[in-house]
Amino acid sequence: MIVTLWMVLQSMTLAVPAMAQKPAENEPRCSPKNYTYTCLLQDIDRGKVTDIQIDRVQQTARVKLQNQNQPVEVPLFDQNPELIERARQNRISVDIQDSTDNSAVLGLLAHLLLFMLLLGGLLLIIRRSANAPGGPGQALNFGKSRARFQMEAKTGIMFDDVAGIEEAKEELQEVVTFLKKPEKFTAVGARIPKGVLLIGPPGTGKTLLAKAIAGEAGVPFFSISGSEFVEMFVGVGASRVRDLFKKAKENAPCIVFIDEIDAVGRQRGAGIGGGNDEREQTLNQLLTEMDGFEGNTGIIIIAATNRPDVLDTALLRPGRFDRQITVDLPNYRGRLGILEVHARNKRLADDVSLEAIARRTPGFAGADLSNLLNEAAILTARRRKEAITMLEIDDAIDRVTIGLTLTPLLDSKKKRLIAYHEVGHALLMTLLKNSDPLNKVTIIPRSGGVGGFAQQSFNEDMIDSGLYTRAWMTDRITIALGGRAAEEEVFGPAEVTAGASGDIKAVAEIAREMVTRYGMSELGLVALESSGNEVFLGRGLMPRQEYSEEVATQIDRQVREIAIHCFQEARRIIRENRPLVDCLVEVLLDQETIEGDEFRQIVEEYTGQKTTPVSTSAPT
Ligand code: ADP
Ligand code: MG
Ligand code: ZN
């Protein structure tokens, strides 16, 4: 309000006319430069004034004097009865003309506008803090936590919409029955489980599964993310938990879904950099709430995480999240099922085979597959086609796995070098006995610094079973080193590029696993590293070293030996097939992409021998 007052004052001062200055002693009185109100009155009396124009806005009078061309300006006061009176007496015409230059009014308006803006801004901030979740207002009204959870009365998702995770679905089928017919269980004295923990990598459908349970049972779905519990102020998370359970109890039977429970449910007092009071309080509140309601109130809590290893053990005790269900990456059948679910609302051309897509996408989670089909649909629309063809699927797979295509390089030494590098990989994929067949090789660059790539169609059975043979692994290392080997063979050791850094990292990883996990080296059959940490769980904070420095040195030596052996093998094959390599590079430079079949055909023509038969699982 001080602001208003100040502005009103200022606009008032602006509106007050500048006072006539007192003439200096030595200046002649009533010169045109120094013409005052008094001068004007005098001149009127003397009959010197011919015409007066009064401007009420600027509060001046323009006075025309006899024997003077230019009118003089005289500042006026608010009311000038004397002036009007005298002018009338002397028969001088008085004209009123308000100037358009109403700067005083403008000034007032400007201030008013500023004031309104300030007021509006203030109101906006207040409103936002009252409504927007996560808005800047959360600092203003902590304490009375507004519900940050979402409630869906009907999720509309059924088990049919979830594919590829059959075991998890089967186990959860039971939960649906708990919700629908609790009497069935309570009649025989069974305690209905309160909590189910879904464990699995991102995008495998944990959220979807939880929603499907609610959908199947026809109960409301409350959801909140663990990260939303952890707030700036101590106590907010805990009160949020209380609110959530209060609402859930009012709406029972229902599902309460807590996503990313690891954010709040980490082992207490074990965090690096000290505990987090707020998180501990939230977790304690969660445990209290879970213990507080009886098993048959009809609330089932489903939590999801991809880090079960960091969870507080108290969460996993009986009576809390005592059911743990793993939701893994889908295998071939699973991927096919997921693709079928997501292909339901898409128009596919006849040549599209979901089986082929499923075969080509090992390691894809459900979310990746759904994203893949969506990308393909977008490409189809962009190309103005009627239905998604295998072409769009192929492009979408590359787009999702490797990156966006960029414009091809102009013919240059760099392009030639990339071509040799990729042909090196591709030739080894084709010639090595235990390798999966080449799918395609290309030198069209991709976003993310990819100059080109040679791609295999993996043998699904081996990947799913995890039964990699030593020969297969050795060949993989040789293939990975094929790019560098070709560069060195053709351009000499001085010209090799940093482009193989990814290959070399992959080599180190496979070779290390061979030595430390699979006992495939001279160190013998020892498992030096536990395979307990599933890949998606991420490693612990500190790598556990279960062997001495001496053994570490031995491991390094073995790894290096494998790499050197494979590199020599790669160089030998490329050296012995040099004319073929040159020919393939010319074709690749010309076409920019060679499909696996064409590549194999060229190789067979040159060498006169059959290449690795394409396994039945390779896409056609
Ligand atoms: P998570 O919660 O495990 O990270 P989501 O449930 O959020 O994964 O999955 C994201 C999306 O991916 C889902 O909305 C769905 O479209 C798709 N999806 C993931 N897994 C599956 C699956 N098993 N079946 C069908 N669709 C799936
Ligand atoms: Mg999720
Ligand atoms: Zn490479």
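Note that the coordinates shown come from a computational prediction; the quantities given were computed from them, not determined experimentally. (Residues numbered from 1 in each chain as written. Chains lettered and ligands numbered in written order. Predicted model: local features only at pLDDT ≥ 70, side-chain atom pairs only at ≥ 80, totals over all residues. Heavy atoms only, no water.)

(A) Local environment of the overall build of the protein. Each helix and strand in the protein was counted, giving 22 helices and 13 strands. When the 620 residues of the protein are sorted by exposure, 43% land in the buried category. Within the protein, residue pairs in contact and separated by at least 24 positions form 71% of the contacts whose partners lie at least 6 positions apart. (Helix = DSSP H or I, 4+ residues; strand = E, 2+ residues; numbered from the N terminus. Buried < 20%, exposed > 50% of the residue type's maximum accessible area, 1.4 Å probe, protein only. Contact = heavy atoms within 4.5 Å.)

(B) Structural view of the site of ligand 1. Looking at ligand 1, there are 16 residues lining it, with Ala-163, Gly-203, Lys-206, Thr-207 and His-342 nearest. Here an oxygen atom of ligand 1 sits 2.8 Å away from a polar atom, N or O, in the side chain of Lys-206. In this structure, an oxygen atom belonging to ligand 1 sits 3.5 Å away from a main-chain N or O atom of Ala-367. Compared with its free state, where it exposes 560 Å², ligand 1 has 79% of that area covered by protein. Mapped by element, the contributors of at least two residues to the shell around ligand 1 are α7 (206-217), α12 (332-343) and α14 (366-382). A class-by-class count of the residues in the shell around ligand 1 yields 7 nonpolar, 7 polar and 2 charged. When we break the shell around ligand 1 down by domain, the ones giving at least three residues each are domain 1 (148-326) and domain 2 (332-401). (Near = heavy atom within 4 Å. Polar contact = N/O pair within 3.5 Å; in protein donor to acceptor, adjacent residues only side chain to side chain. Areas by Shrake-Rupley, 256 points an atom, 1.4 Å probe, with all protein chains shown as cover. Nonpolar A, V, L, I, M, F, W, Y, C, P; charged D, E, K, R; others polar. Domains from an automatic or database assignment.)

(C) Local environment of the sheet that holds strand β1 (residues 49-55). In space, the 4 strands of this open sheet follow the order β3-β2-β1-β4, with mixed pairing throughout. A strand with exactly one partner marks an edge of an open sheet, and here the two such strands are β3 (72-75) and β4 (93-96). Taken over all neighbouring pairs, the strand axes of this sheet differ in orientation by 25 degrees on average, direction set aside. In the packing of helix α2 (residues 37-46) onto the sheet, the strands contacted are β1, β2 (60-65) and β3, and the crossing angle to β1 comes to about 140 degrees. (Pairing = 2+ DSSP bridges. Axes fitted to C-alpha atoms, helices over the stretch in contact; angles between N-to-C directions.)

(D) Examining the packing of aromatic side chains more closely. Taken as a whole, this structure holds 3 aromatic pairs when the rule is applied. For the pair Phe-221 and Phe-257, a centre-to-centre distance of 5.8 Å together with 25 degrees between the ring planes defines the contact as stacked. Here Phe-221, found in strand β7 (residues 221-225), pairs with Phe-257, found in strand β8 (residues 254-259); they are 36 residues apart in sequence, far enough to count as distant. Comparing Phe-221 with Phe-257 shows no difference in burial state: the two are buried. (Phe/Tyr/Trp six-rings, centres within 6.5 Å; stacked < 30°, edge-to-face > 60°.)

(E) Spatial organisation of the coordination of the zinc ion (ligand 3). Ligation of the zinc ion (ligand 3) by protein atoms is provided by His-421 (NE2), His-425 (NE2) and Asp-503 (OD), these donors lying 2.0 to 2.1 Å from the ion. Taken in chain order, the donor set of the zinc ion (ligand 3) reads H-x3-H-x77-D. Taken as a pair, His-425 in helix α16 (residues 413-431) and Asp-503 in helix α19 (residues 501-516) lie far apart in primary sequence, 78 residues in all. For the pair formed by His-425 and Asp-503, the shared burial category is buried. (Donors = N, O, S within 2.8 Å, 3.2 Å for Na, K, Ca; no water.)

(F) Spatial organisation of the pattern of salt bridges. A complete count under the given rule lists 28 salt bridges for this structure. Arg-399 is the salt-bridge partner of Glu-375, the closest N and O atoms lying 3.4 Å from each other. Of the two residues, Glu-375 sits in helix α14 while Arg-399 sits in helix α15 (residues 390-401), which places them 24 residues apart along the sequence. With a shortest N-O distance of 2.9 Å, Glu-569 and Arg-572 are connected by a salt bridge. One end of the pair is Glu-569 and the other is Arg-572, both in helix α20 (residues 549-576) and 3 residues apart, which spans about a single turn. (Salt bridge = Lys/Arg side-chain N within 4 Å of Asp/Glu carboxyl O.)

(G) Molecular detail of α7. An ideal rise of 1.5 Å per residue puts 16 Å on 12 residues; α7 measures up with 17 Å between its terminal C-alpha atoms. When α7 is considered as a whole, its buried residues turn out to be Lys-206, Leu-209, Ala-210, Ala-212, Ile-213, Ala-214, Gly-215 and Ala-217. Buried residues belonging to α7 abut α5 (166-180), β6 (195-199), β7, β8 and β9 (299-305). With its phi angle positive at about 70 degrees, Gly-218 sits one or two positions after the end of α7. (Expected span 1.5 Å × (residues − 1).)

(H) Representation of a nonpolar patch on the surface. A surface patch of nonpolar side chains, about 300 Å² in accessible area, is lined by Leu-106, Leu-109 and Leu-112. Among the structural elements, Leu-112 can be located in helix α4 (residues 103-131). (Patch = residues over 30% accessible without salt bridge, like charges linked within 9 Å, V, L, I, M, F, W, Y side chains within 5 Å.)

(I) Broad picture of the sheet that holds strand β13 (residues 593-595). On the basis of which strands lie adjacent, the open sheet formed by 3 strands has the order β12-β11-β13 and antiparallel pairing. Each edge of the open sheet is held by one strand with a lone partner, namely β12 (453-456) and β13. Along the sheet, successive strands turn relative to each other by an average axial angle of 10 degrees, direction set aside. Bridge analysis of strand β11 (residues 438-442) against β13 gives 3 bridges, and the strand direction is antiparallel. Its bridge partner lying in β13, Thr-442 is registered against Thr-593. Running over the sheet, α16 touches β11 and β12 and is turned about 20 degrees from β12.

(J) Focus on the environment of Ile-393. Relative to the helices and strands, Ile-393 is located in helix α15. Spatially, the C-alpha atoms of Ile-393 and Leu-379 are 8.8 Å apart, while their sequence positions differ by 14 residues. The residues touching Ile-393, leaving out its near neighbours within four places in the chain, are Val-352, Ile-357, Leu-372, Leu-373, Ala-376 and Ile-388.

(K) Fine view of the nonpolar core. Core analysis: the largest hydrophobic core is formed by 49 residues, its most contacted members being Leu-427, Val-441, Ile-477, Leu-584 and Phe-599. When residues of this core are traced back to their parent elements, those giving at least two are α16, β11, α18 (470-491), α19, α20, α21 (578-591) and α22 (596-607). Not counting the four nearest positions on each side in its chain, Leu-584 is found in contact with Val-423, Leu-427, Ile-594, Phe-599, Ile-602 and Val-603. Counting 29 residues, the second largest nonpolar core, distinct from the first, contains Phe-159, Val-196, Ala-210 and Val-219. (Core = buried A, V, L, I, M, F, W, Y, C linked by side-chain atoms within 4.5 Å.)

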